[in-house]
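In case you want the letters, here they are:
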Amino acid sequence: MRHPGRGATPYPGAVTIPSLEALHAVGAAQQPTYPDRAALDSAVARLRTMPPLVFAGECDDLKDKIAAVSRGEAFLLQGGDCAETFSGVTAENVRNKLRVLLQMAVVLTYAASVPVVKLGRLAGQYAKPRSSDQETRDGITLPAYRGDAVNGFDFTAESRIPDPQRLVEVYHASAATLNLVRAFVTGGYADLRQVHTWNTDFVRGSVAGQRYEALAAEIDKAMAFMEAIGVDTDDLRRVDFYSSHEALLMEYEHAMTRIDSRTELPYNVSGHFVWIGERTRQLDGAHVELFRHLRNPIGCKLGPSATPDDALALATRLNPDNEPGRLTFITRFGAGKIRDGLPALVEKVTAEGMNVAWVCDPMHGNTFETANGFKTRRFDDVIDEVQGFFDVHRSLGTWPGGILVEMTGDDVTECVGGGEEIDEAGLAHRYESVVDPRLNRVQSLELAFLVAEMLRAAERERA
Ligand code: PEP
Ligand code: MN
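Definitions and cut-offs
Residues numbered from 1 in each chain as written. Chains lettered and ligands numbered in written order. Predicted model: local features only at pLDDT ≥ 70, side-chain atom pairs only at ≥ 80, totals over all residues. Heavy atoms only, no water. Near = heavy atom within 4 Å. Polar contact = N/O pair within 3.5 Å; in protein donor to acceptor, adjacent residues only side chain to side chain. Areas by Shrake-Rupley, 256 points an atom, 1.4 Å probe, with all protein chains shown as cover. Nonpolar A, V, L, I, M, F, W, Y, C, P; charged D, E, K, R; others polar. Helix = DSSP H or I, 4+ residues; strand = E, 2+ residues; numbered from the N terminus. Expected span 1.5 Å × (residues − 1). Buried < 20%, exposed > 50% of the residue type's maximum accessible area, 1.4 Å probe, protein only. Arc of directions from axis to C-beta. Donors = N, O, S within 2.8 Å, 3.2 Å for Na, K, Ca; no water.

Concerning the site of ligand 1
Within the structure, ligand 1 sits among C82, R121, K128, P129, G277, E278, R279, K301, R332, H364 and E406. Between ligand 1 and H364 there is a distance of 2.9 Å, counted from an oxygen atom to a side-chain nitrogen or oxygen. Out of a free accessible area of 300 Å², ligand 1 has 98% covered by protein chains. The residue makeup of the shell around ligand 1, split by class, is two nonpolar, two polar and seven charged.

Regarding helix 7 (residues 207-228)
Structural remark: α-helix, 3.6 residues per turn; residues separated by three or four positions point the same way. The first and last C-alpha atoms of helix 7 sit 32 Å apart over 22 residues, in line with the 32 Å expected at 1.5 Å per residue. Along helix 7, the residues that are buried comprise A208, G209, Y212, L215, A216, I219 and M223. The arc that holds every buried residue of helix 7, seen down its axis, measures 120°, which confines them to one face. Turned more than 90 degrees off the buried face of helix 7, the exposed positions are V207, K221, F225 and A228. Looking one or two places after helix 7, you find G230, whose phi comes out positive at around 90°.

Notes on the coordination of the manganese ion (ligand 2)
Coordination of the manganese ion (ligand 2) by the protein is provided by C82 (SG), H364 (NE2), E406 (OE) and D436 (OD), with metal-donor distances spanning 2.1 to 2.5 Å. Read from N- to C-terminus, the donor residues coordinating the manganese ion (ligand 2) fall into the pattern C-x281-H-x41-E-x29-D. Taken together, the residues span a long stretch of sequence, with H364 in the loop between strand 11 (357-360) and strand 12 (367-369) and E406 in strand 14 (residues 402-406) at a distance of 42 residues. Given the relative accessible area of 18%, H364 is considered buried.

Just geometry here; none of it tells us what the structure is for.
Listed below in structure tokens is the structure:
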């Protein structure tokens, strides 16, 4: 049943929310150790009283859109920072990110005539899993930075102590971001008539920017034509834009999971779409246990260590009713591994008739450290992984449903390559990410044009 009515049970046990204690008893990976238990309890109690950031009905709308992705009728664009920061919650930062995402979405939509589902990796992306619990610099070892949701980035003992009050701050920072995003996307900024103004001076000077100008001019002409023949273009004044983050911290995500008053079903109201990371997807772990109860559209990362049986077991456990749009697998193999690793997963899940949307994260399998000490990614590797993803899906007759990218609306130098030919020495110029390297605005637009060509080919194949 797609939309269970009042009181209906989609499957046994799913109408309840497991207790926080039960989740911890199951075992949650990647959680901070809070030294002050009373402070943690009071932060959680405060969060439980806060209003929802998103509504269940919005989550259902997004689920319907992702169902279209899983049927091969739409493409998902998910993008934003690896880790948001509290100091990054400024009008300029949010607007710049949104602007580039809107540009990318227009490029993809126009090139392939496929609807693009727009999902920001924002308004909640504050907690990070880490490969090591500790960080050592110049012989000093401190707890690792786990995102602004947990501790401070400054390399001092005091700043690295997990502070539960930060969870409340995540809520407020997410609310402020989402409020601004909602104003932008409904208040005229996302109007297709503004398509030129999203192209800032900086981008306009690049090859991708010039290409975008040409495309925007075509869109203007199409709009003028539609208006001339009397088509109502009012719908083009606003876009649907959704929020997403990795739901990592049990205390926060549990406090924000509520029974919806209309459907009496559990939703995580901290974001429209939440996902499980590569390090927390244990089948018997707390994240899978919490997520299987959620009625939001959810994602789960799959890296090179995932077997076809793992993927199938996760799909069965996370989406037992096989509800379309509910589950998205976000694969992150690395450019060198995707062509060998992905087919078996897709084949198995497809053969079993599971409804999933397949999304490519071409970032997390392609990270390396340069000789001068920067964590970076090569633009060409990112593109190669997306190409591999499209190739695999073409050979299997399945739909390459979307991409997840770590990007920013600013002129940073964190990934090497791209049309501006950023080299390793050039990374020092403006490296601002506190965790993973992001594509800058020109690289993001370049990626959109390249993916648009792949999408056009896939669309031709499908038609
Ligand atoms: C991420 O998306 O920032 C991330 C940590 O990814 P993964 O879980 O795939 O490593
Ligand atoms: Mn990341």
